[in-house]
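Tertiary structure, described
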Amino acid sequence: MDPNKYRKNVNIKPESGLNNMLAIGRFILMVIGIIGLAIEFFKDDGWLKNVLGWLFQDTSHMAFIPVIVVVLWLINRWITAPSKVETKQSGNLPMHVMMGLGLYYLFRIVTTGGF
């Protein structure tokens, strides 16, 4: 048994206060983005009602369902890493998109007073 088994962790630095504040800010922006997106999807004349109404309006529109499934599968393949050990920068894309939506909805809240 190696008496210095934690020697490899000597150079690990703790997170700074600034990094913690930035992480909290990113989290808040993501939550605002998710809430704003949920409100847009599920309101009375929301995106979900409009898209599903258009999709099931005609049988020719229903041909887009397999296309949508394939596109979502391709996006998932692009974002996910091939193994659990590796990480890809494109895996952060959903987080950055939600942060951008959070900035947008935060701007709308500040300027108009609501989502």
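All of these numbers come straight from a predicted model, not from anything done at the bench.

We now examine the overall build of the chain. Scanning the chain from terminus to terminus reveals four helices and zero strands. Ordered by position from N to C terminus, the α and β elements of the chain give α-α-α-α. Dimensions of the chain, computed from the C-alpha atoms along their principal axes, are close to 70 × 40 × 20 Å. Burial statistics for the chain: of 115 residues in total, 13% are counted as buried. Of the contacts made within the chain by residues no fewer than 6 positions apart, 48% connect residues no fewer than 24 positions apart. Surface exposure of the chain reaches about 9,500 Å², of which carbon and sulfur atoms provide 69%.

Summed over all chains, the structure comprises four aromatic pairs. Ring geometry for W54 versus F64: centroids 5.6 Å apart, planes at 40 degrees, classification tilted. In this pair, W54 sits in helix α2 (residues 47-55) while F64 sits in helix α3 (residues 64-79), placing the two residues 10 residues apart along the sequence. Residue W54 is classed as partly exposed on the basis of its relative accessible area of 38%. Measuring from centroid to centroid gives 5.1 Å for Y104 and Y105, while their planes differ by 65 degrees, and the two rings are edge-to-face.

Taken together, the side chains of M21, I24, F27, I28, V31, I35 and I39 make up a nonpolar region of the molecular surface, amounting to roughly 640 Å² of accessible area. With respect to the secondary-structure elements, M21 resides in helix α1 (residues 17-42).

Definitions and cut-offs
- Residues numbered from 1 in each chain as written.
- Predicted model: local features only at pLDDT ≥ 70, side-chain atom pairs only at ≥ 80, totals over all residues.
- Heavy atoms only, no water.
- Helix = DSSP H or I, 4+ residues; strand = E, 2+ residues; numbered from the N terminus.
- Buried < 20%, exposed > 50% of the residue type's maximum accessible area, 1.4 Å probe, protein only.
- Contact = heavy atoms within 4.5 Å.
- Areas by Shrake-Rupley, 256 points an atom, 1.4 Å probe, with all protein chains shown as cover.
- Phe/Tyr/Trp six-rings, centres within 6.5 Å; stacked < 30°, edge-to-face > 60°.
- Patch = residues over 30% accessible without salt bridge, like charges linked within 9 Å, V, L, I, M, F, W, Y side chains within 5 Å.
- Salt bridge = Lys/Arg side-chain N within 4 Å of Asp/Glu carboxyl O.

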